[in-house]
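Structural features, examined
Each chain, letter by letter, is given below.
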Amino acid sequence: MTRRKDQLSLGAFLYPTGHHIAAWRHPQAQADAGSNFAHYAALARIVEAAKFDLIFMADGVGTRGRDTEALSRTAVRYVAQFEPLTLLSALAALTERVGFVATASTTYNEPYHIARKFASLDHISGGRAGWNLVTSASEDEAQNFNRDHHVAHAERYERAEEFADVVRGLWDTWEQDAFLRDKESGIFYDPDKQHLLNHRGKHFKVRGPLNVSRAPQGHPVVVQAGSSEPGRDLAARTAEVIFTAHQTIEDARAFYSDVKGRLARFGRSVDDLKIMPGIFPVIGKTESEAREKFEQIQELIHPAVGLSLLSGMAGDVDLSAYPLDGPIPDVTETNGSKSRQKLLLELARRENLTIRQLYLRVAGARGHWQIVGTPEQIVDQMEEWFITGAADGFNVMPPHLPVGLTDFVEHIVPELRRRGLFRTEYAGRTLRSHLGLREPQHPSRTAVAAE
Ligand SMILES: Cc1cc2nc3c(=O)[nH]c(=O)nc-3n(C[C@H](O)[C@H](O)[C@H](O)COP(=O)(O)O)c2cc1C
């Protein structure tokens, strides 16, 4: 294995009580986490002290699922938690270095709102904001936004392409030094440094300018989390970070080289896009201690919750009519998350899993890479993923909070550092600088350079 020159990136992917579907029932979990600001404040301080690149808040604009029996037994289906931009703005005031990424949907928002909110978060945090662009995968969200059914996959991505262009265009409507605020002359801003967008496309008509000055990072970092064909193309053209889910190093490598291979088509280099798969680590001093910890939390899964999670992930298919200990039936291709459905069905067929075995398998990491072992075993694998072209970093998904996070910080981070794989200090102050991403130049400067 050849050592890379750079170090890996770490994101703390914080679900309120943790990522395991039964996390909130764990004796050490903070059960009211979703409405407990002090809980998030404490987590943010731990993450920053450990020098992570970023904190990531996933989001959905609606609870997920209709099955009240299952929903009423879970804390991770966006049932009761803060709106992420509001939460991250408050956390920004308590921290100085760590980056903040929040999800916002291109299907159930207008680009002006999103450009404005993330530019504001970038100012409030001093250049630490990132937007996780998702097209929304859930039918439930549609019904909160004047629709009976979710927008079709292809149309979602078509709208997302234009949405991303409008947002980035709005971020360029002011040059960095547009605001003179010269009390003497009475000139607040220089009109020559304001650039109207005047966008007219299939989905949007937006004049601009944005009513927030240019963001400290130029543009907040754009993150993407879709893995289907259109998702990969959108990411290759517009994203600077990809959050992704892979079960095996082989799949992760194939995805990594496929997406990095698409960048040249859009005039971009491989370093312009960082790929960060999720990792769900269960850490023990010994392998058997790690397994015991994992079993302890697995036993807390109610079958109704496991089944409903699986039905949702497999594309809103109703599995309740099938025996729990029988095989997964054939299902039709979903309009929701295509890549996640494919990943699950392949896993079930590959390992001949029953419905119950499959939900137990994905209940923790929900399709992400799950690893149960000692710090050395876990870091050996992270290192292999990093240096053999499967990942530029990882989105850490603690099983339950806060202990899953402190376990990672106390046992995994030191081992990564011992091997020279992770920073001991922040080198810069912005999210871009942590991730090693370039700041986008304002188009007017690019035009000058080209003259
Ligand atoms: C790490 C990760 C985080 C995600 N976060 C969100 C989220 O916060 N909200 C959301 O609606 N979808 C989220 N998704 C789902 C993706 O946006 C997307 O719908 C899914 O990966 C399927 O994409 P595809 O239809 O292109 O295959 C996430 C996916 C991944 C891998």
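Naming follows an unreviewed UniProt entry, where the protein chain appears as FMN-dependent oxidoreductase (Nitrilotriacetate monooxygenase family) of Phyllobacterium myrsinacearum. Here is the UniProt Sequence similarities (unreviewed entry) comment for the protein chain, exactly as written: "Belongs to the NtaA/SnaA/DszA monooxygenase family."

**Notes on the site of the ligand**
If you check the shell around the ligand, you find 26 residues, and the closest are Asp59, Tyr157, Ala225, Ser228 and Ser339. Within the side chain of histidine 153, an N or O atom sits 2.7 Å from an oxygen atom of the ligand. Taken by itself the ligand offers 610 Å² of open surface, and the protein chains cover 95% of this. Of all the secondary structure elements, the ones that give two or more residues to the shell around the ligand are strand 4 (129–134), helix 6 (153–171), strand 10 (241–244) and helix 11 (338–351). Of the residues that constitute the shell around the ligand, the class distribution is 10 nonpolar, 12 polar and 4 charged.

**A few points about the pairing of strand 5 (residues 179–182)**
With 2 bridges joining them, strand 5 and strand 6 (residues 187–189) adopt antiparallel strand pairing. The residue bridging phenylalanine 179 from the neighbouring strand is tyrosine 189, located in strand 6. As consecutive antiparallel partners, strand 5 and strand 6 are separated by 4 residues, and within that stretch glycine 186 has a phi angle of approximately 80 degrees, a positive value.

**Brief notes about the pattern of salt bridges**
Tallied over the full model, the rule gives 30 salt bridges. When the shortest N-O distance is used, the salt bridge between aspartate 140 and arginine 66 registers 3.1 Å. Here the residue aspartate 140 occupies a position in helix 5 (residues 139–142), and arginine 66 occupies one in the loop between strand 2 (54–57) and helix 2 (68–71), the gap between them amounting to 74 residues. Judged by relative accessible area, aspartate 140 falls into the buried class, the value being 12%.

**A look at the domain arrangement of the protein chain**
With domains assigned, the protein chain is organised as domain 1 (9–173 + 207–283 + 367–450) and domain 2 (302–362). The distance between the C-alpha centroids of domain 1 and domain 2 comes to 25 Å. On the domain 2 side, the residues contacting the 22 residues of domain 1 number 18 residues. In this assembly, domain 1 packs against domain 2 so that about 1600 Å² is buried in total across both faces, 56% of it on carbon and sulfur atoms. Considering only the side of domain 1, the residues that lose the most area to domain 2 are His153, Gln247 and Gly367, jointly responsible for 26% of the buried surface there. Inspection of the region where domain 1 meets domain 2 yields 1 residue pair in polar contact (both at pLDDT 80 or more). Going through the elements one at a time, helix 2 and helix 6 are the ones with two or more residues in the side of domain 1 that touches domain 2. Residues that form the side of domain 1 that touches domain 2 fall into these classes: 6 nonpolar, 10 polar and 6 charged.

**Here we look at the side chain of arginine 262**
Within the secondary structure, arginine 262 sits in helix 8 (residues 249–262). At 3.0 Å, the side chain of arginine 262 and the side chain of glutamate 229 are in polar contact. Non-local contacts of arginine 262, meaning those with residues more than four positions away in its chain, are made with Glu229, Arg232, Asp233 and Ala236.

**Let's talk about the UniProt feature "binding site: FMN" (unreviewed entry) in the protein chain**
When the UniProt feature table is mapped to this numbering, "binding site: FMN" (unreviewed entry) covers Asp59, Thr103, His153, Tyr157, Ser227 and Ser228. Inspection of the secondary structure puts threonine 103 in strand 3 (residues 99–105). Judged by relative accessible area, which is 7%, threonine 103 ranks as buried. Setting aside its immediate chain neighbours within four residues, threonine 103 contacts Phe56, Met57, Ala58, Asp59, Pro84, Asn132 and Val134. Position of histidine 153 relative to the elements: it lies in helix 6.

**Things to note about unusual backbone geometry**
A cis geometry characterises the amide bond from glycine 208 onward to proline 209, with omega recorded as 0 degrees. Locating proline 209 in the fold gives a position in the loop between strand 8 (205–206) and strand 9 (221–224). Cis geometry is adopted by the peptide bond preceding proline 402, which originates at leucine 401 and carries an omega value of 5 degrees. Along the chain, the position of proline 402 falls in the loop between strand 13 (393–396) and helix 14 (403–418). Although it is not a glycine, asparagine 198 sits at a positive phi angle of roughly 50 degrees.

**Here's the deal with the packing of helix 4 (residues 111–125) against helix 6**
In the contact formed by helix 4 and helix 6, the axes pass within 9 Å of each other and the chain directions differ by 50 degrees. Comparing the axis directions of helix 4 and helix 6 gives the class oblique. Once helix 4 is placed against helix 6, the crossing between them reads as right-handed. Here helix 4 contributes Pro111, Tyr112, Ile114, Ala115, Phe118 and Ala119 to the contact with helix 6, which in turn contributes Phe163, Val166, Val167, Leu170 and Trp171. Of the residues belonging to the contact of helix 4 with helix 6, the class tally is 11 nonpolar, no polar and no charged.

Procedures and definitions
Residues numbered from 1 in each chain as written. Predicted model: local features only at pLDDT ≥ 70, side-chain atom pairs only at ≥ 80, totals over all residues. Heavy atoms only, no water. UniProt positions renumbered as here; feature names shortened; annotations may be inferred. Near = heavy atom within 4 Å. Polar contact = N/O pair within 3.5 Å; in protein donor to acceptor, adjacent residues only side chain to side chain. Areas by Shrake-Rupley, 256 points an atom, 1.4 Å probe, with all protein chains shown as cover. Helix = DSSP H or I, 4+ residues; strand = E, 2+ residues; numbered from the N terminus. Nonpolar A, V, L, I, M, F, W, Y, C, P; charged D, E, K, R; others polar. Pairing = 2+ DSSP bridges. Salt bridge = Lys/Arg side-chain N within 4 Å of Asp/Glu carboxyl O. Buried < 20%, exposed > 50% of the residue type's maximum accessible area, 1.4 Å probe, protein only. Domains from an automatic or database assignment. Contact = heavy atoms within 4.5 Å. Buried area = accessible area lost by both parts, 1.4 Å probe. Axes fitted to C-alpha atoms, helices over the stretch in contact; angles between N-to-C directions. Parallel < 35°, antiparallel > 145°, perpendicular 65-115°, else oblique. Left-handed = near helix turned anticlockwise from the far one by under 90°.

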